[in-house]
Amino acid sequence: MVKIQKLFPKIIFPIILFIYPLYGFNLGADLSDTTYSLGNYMYFDSMTGSWKYATFLSNLLGAGLLKLAGNKMILMTLFCGMVISATALAAYLVLSKIYNPAMVFIGEIIAICMTWCPNVILYNYLTYLLLTLAALVLYKAIIADSKKLYILAGAILGLNVFVRVSNLVEVALILAVWYGAYLNKKKPFIPTLYCIIGYIAGLATSVLIVVIAGGTKGIGECVSWMLSLSSSEGDAGGYSLTEMVRVIFDNYLGNVKYFAISILGIVLGFVGFRIFKGKLLLLKRGGYIICLAGLFYYFYRNGVFTTKFYNNGAIFGLCVLAIFWQFVAAVYALFSKDLSVEDKTMAALVIVLLLITPLGSNNHLFTIINSMFISLPYTVGFGYKVLKDKKEVFPIASYGAFLLVVLLAIGIMFNLRYVFVDGEQGTGHDTVISESKTMKGMKTDTLYAEDIDELCIVLSDYRNKEAIFYGNVPGASYLLEMPCAISTSWPDLDSYSEKDFEEELNEVSKVKPLIIMKMDAYSDIYISDTYKDKTMLKYIFENDYEPYYMNADFMVLASNEE
């Protein structure tokens, strides 16, 4: 029996953590973010613009994996799911040595369940993998005071810069190094120096890769993109530093009342147990658990979480509530006198991770929700360590258990049902795409699958010919294996300037490529007041474009002057 029990933390839990992120690799046919990334990988060599270089290493890896997958989306999602597996496994293997393995495992499962972003967007998941590895190596370095590990951690962070250039903010992990030096009663200069040496080495390596694979122009493109983050104008496209910070605070402020209500409920529980101390203990505990059930029902009724598992709003408020508690657990560890250096060091790392993860993204607190591989398992494991076998902390321990159960239940249902963009209105995934060479085998709802298959059949003779993609349908370039006639398959994005769009349309008017749009976008440009929509409509009229093919989802336009 003892041998079987040992199998779980050492073999069974790791196997599950490796396999579980691979679920759903054949679900979804999103032609926005998901296949936009796949299109960037497919046309990596001809890709231009700052985004190529701002996410250079992730694009380079994606291009290599896509070739290995034979350009097949179904294999690519499987390969990229393994990046999530590796991240969860790395965190589990370290954290399970510090805290109860079963609790850490539960935390990792929940973290995996909450990964709402498509597997193939590697500038996110490769970032999380390297950041997780760097934080774990830093933890080991601080505990062992290892110069080699400080260098290794710095090198990983330096390499991560060109996975997504905004990862520069990860240098803030040096705060945990300084805190570790304080705990170990050592001067921070030496570990800081070794971290810097490693960081320079990692950054130099990534710069060398960029120069060899993309030329020296890429460095300037990255610098320009980073400078745009300091302004809400220009080409920042929602990535400006002020805008990022504002939406992060808005997310916290919008959910802080539920955290405050939780605190009030726990405080009232402590007061109640103290007033009626020693009287009818089981009855009091039962009554308190019923009150907790009422509290979480109140959360449900107010949309903190929902059962619309096909939409990421089902988890947002609940996860923000969990993030508040992650901060609480880490701050408690920092200021508690009777905890180990291991607890305090990991707490410092968690706080820095929670603070820096949303920076460099326009995804609000969804960025943290997508990457809780250290912070959530730490909170579950640390909470269990601190609260177990202490009868006097029943109100907070039972609240924590209730929150954990709800997170696990909602997370599993969300993971089983949610597919990014595809089906977010409640449609299922019951029909296989059969006519696309790249997306064959992927499942989506019946009508959408039929429209995609028809589009692929109609445009089969146009494969490898350039087209203009407009109306949030950049992934059609990957779907149809048709390169972009202009510099981007997603001109709708704010990060692509109106001036560039107009100039490039004027240039391609000489060859008049096909225009492929979402049907609703085609309808909207006739009534829209946005500059890009007006520019697109003007181009269509001036170059005598007419419908070539249409169905419920797509519109294809061809010029009579071609």
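Residues numbered from 1 in each chain as written. Predicted model: local features only at pLDDT ≥ 70, side-chain atom pairs only at ≥ 80, totals over all residues. Heavy atoms only, no water.

Draft legend 1. Summary view of the overall build of the protein chain. Within the protein chain, the secondary structure is distributed over 23 helices and six strands. The globule rule puts the C-alpha radius of gyration for 562 residues at 24 Å, and the 26 Å found for the protein chain is close to it. Each of the three principal axes of the protein chain carries a C-alpha extent, and together these read 90 × 55 × 50 Å. The buried share among the 562 residues of the protein chain stands at 55%. A separation of at least 24 residues holds for 71% of the contacts in the protein chain among residues at least 6 apart in sequence. Accessible area of the protein chain: about 24800 Å², with a carbon and sulfur share of 64%. (Helix = DSSP H or I, 4+ residues; strand = E, 2+ residues; numbered from the N terminus. Rg over C-alpha atoms; globule rule 2.2 N^0.38 Å. Buried < 20%, exposed > 50% of the residue type's maximum accessible area, 1.4 Å probe, protein only. Contact = heavy atoms within 4.5 Å. Areas by Shrake-Rupley, 256 points an atom, 1.4 Å probe, with all protein chains shown as cover.)

Draft legend 2. How the structure looks around the pairing of strand β5 (residues 545-550). Note: β5 against strand β6 (residues 554-559), five bridges, orientation antiparallel. Within β6, the residue paired with Tyr545 across the bridge is Ser559. Connecting β5 to the antiparallel partner β6 that follows it, the hairpin turn spans three residues. (Pairing = 2+ DSSP bridges.)

Draft legend 3. Highlighting the confidence of the model for the protein chain. Residues of the protein chain with pLDDT of at least 70 account for 94%, and the chain-wide mean is 92. Per-element averaging of pLDDT across the protein chain places helix α11 (residues 217-228) at the bottom with 65 and helix α6 (residues 101-113) at the top with 98. Here residues 232-236 is modelled with pLDDT under 50, and outside its nearest four sequence neighbours on either side it reaches seven contacts, counting other chains as well. (pLDDT = per-residue confidence, 0-100.)

Draft legend 4. How the structure looks around the state of the cysteines. Summed over the entire model, instances satisfying the criterion amount to zero disulfides. Here Cys113 is not disulfide-linked; the sulfur of Cys319 is the nearest cysteine sulfur, at 10.0 Å. On the basis of relative accessible area, Cys113 is assigned to the buried category, the value being 1%. Take Cys484: it sits in no disulfide, and the sulfur closest to it among the cysteines is that of Cys456, at 16 Å. (Disulfide = S-S within 2.5 Å.)

Draft legend 5. Seen up close, the packing of helix α7 (residues 122-144) against helix α15 (residues 341-356). Running from amino to carboxyl end, α7 crosses α15 at an angle of 150°, the nearest separation of the two axes being 10 Å. As the angle between them shows, α7 and α15 are arranged roughly antiparallel. For α7 against α15, the interelement crossing comes out right-handed. Mapping the contact onto sequence places Leu131, Ala135, Leu138, Tyr139, Ile142 and Ile143 in α7 and Val341, Glu342, Thr345, Met346, Leu349 and Leu353 in α15. (Axes fitted to C-alpha atoms, helices over the stretch in contact; angles between N-to-C directions. Parallel < 35°, antiparallel > 145°, perpendicular 65-115°, else oblique. Left-handed = near helix turned anticlockwise from the far one by under 90°.)

Draft legend 6. View of the side chain of Ser559. Inspection of the secondary structure puts Ser559 in strand β6. Overall, the relative accessible area of 7% leaves Ser559 in the buried class. In contact with Ser559, other than residues within four places in its own chain, are Lys512, Asn543, Asp544 and Tyr545.

Draft legend 7. Highlighting the side chain of Asp453. Considering the arrangement of structural elements, one finds Asp453 in helix α19 (residues 446-458). Despite its burial, Asp453 pairs with no opposite charge; the closest candidate is Lys440, at 9.4 Å N-O. Ignoring sequence-local partners within four residues, the contact set of Asp453 consists of Val432, Ile433, Ser434, Glu435 and Ser436. (Lys, Arg positive; Asp, Glu negative; His and termini not counted. Salt bridge = Lys/Arg side-chain N within 4 Å of Asp/Glu carboxyl O.)

Draft legend 8. Seen up close, the sheet that holds β6. Strand order across the open sheet formed by four strands is β3-β4-β6-β5, with mixed pairing between neighbours. Each of the sheet's edge strands pairs with one partner strand only, and the pair in question is β3 (467-470) and β5. When strand polarity is set aside, the average angle formed by the axes of neighbouring strands in this sheet is 25°. Here β3 runs beside strand β4 (residues 514-518); their pairing, made up of four bridges, is parallel. Among the inter-strand pairings, Ala467 is bridged to a residue of β4, identified as Leu514.

Draft legend 9. Quick look at the environment of Leu131. Mapped onto the elements, Leu131 comes out in helix α7. Accessibility expressed as a relative area gives 8% for Leu131, which makes it buried. Residues Leu131 and Lys6, spaced 125 residues apart in sequence, show a C-alpha to C-alpha distance of 30 Å. In this structure, Leu131 is in contact with Leu157, Asn160, Glu170, Leu173, Leu353 and Thr357, ignoring residues within four places of it in sequence.

Draft legend 10. The arrangement of a positive patch on the surface in detail. On the surface, Lys6, Lys10, Lys97 and Lys140 cluster together to form a positively charged patch. Looking at the element boundaries, Lys10 is found in helix α1 (residues 2-19). Here Lys10 falls in the exposed class, since its relative accessible area comes to 66%. (Patch = residues over 30% accessible without salt bridge, like charges linked within 9 Å, V, L, I, M, F, W, Y side chains within 5 Å. Charge placed at Lys NZ, Arg CZ, Asp CG, Glu CD.)

Draft legend 11. Representation of the packing of aromatic side chains within the structure. Under the criterion given, the structure shown has 39 aromatic pairs. On the basis of an interplanar angle of 10° and a centroid distance of 4.1 Å, the ring pair of Phe13 and Phe105 is categorised as stacked. Highlighted residues: Phe13 in helix α1 and Phe105 in helix α6, separated in sequence by 92 residues. When sorted by exposure, Phe13 lands in the same class as Phe105, which is buried. Following the ring pairs from residue to residue traces out a cluster consisting of Tyr252, Tyr258, Phe259, Phe296, Tyr298, Phe299, Phe324, Trp325, Phe327, Tyr399 and Phe402. (Phe/Tyr/Trp six-rings, centres within 6.5 Å; stacked < 30°, edge-to-face > 60°.)

Draft legend 12. A look at a nonpolar patch on the surface. Nonpolar side chains collect at one region of the surface, where Ile4, Leu7, Phe8, Ile11, Ile15, Phe18, Ile19 and Met82 lie side by side and expose about 680 Å² of accessible area between them. Note that Phe8 resides in helix α1. According to the relative accessible area criterion, Phe8 is partly exposed, its value standing at 35%.

Draft legend 13. Expanded view of the packing of helix α12 (residues 241-275) against helix α13 (residues 281-301). Across the interface, α12 lies against α13 with an axial gap of 11 Å and an inter-helix angle of 170°. In terms of orientation, α12 and α13 fall into the roughly antiparallel class. Contacts between α12 and α13 pair Tyr258, Ile261, Ser262, Gly265, Ile266, Gly269 and Phe273 from the former with Leu281, Lys284, Arg285, Tyr288, Leu295, Tyr298 and Phe299 from the latter. A per-class count over the contact of α12 with α13 returns nine nonpolar, three polar and two charged. (Nonpolar A, V, L, I, M, F, W, Y, C, P; charged D, E, K, R; others polar.)

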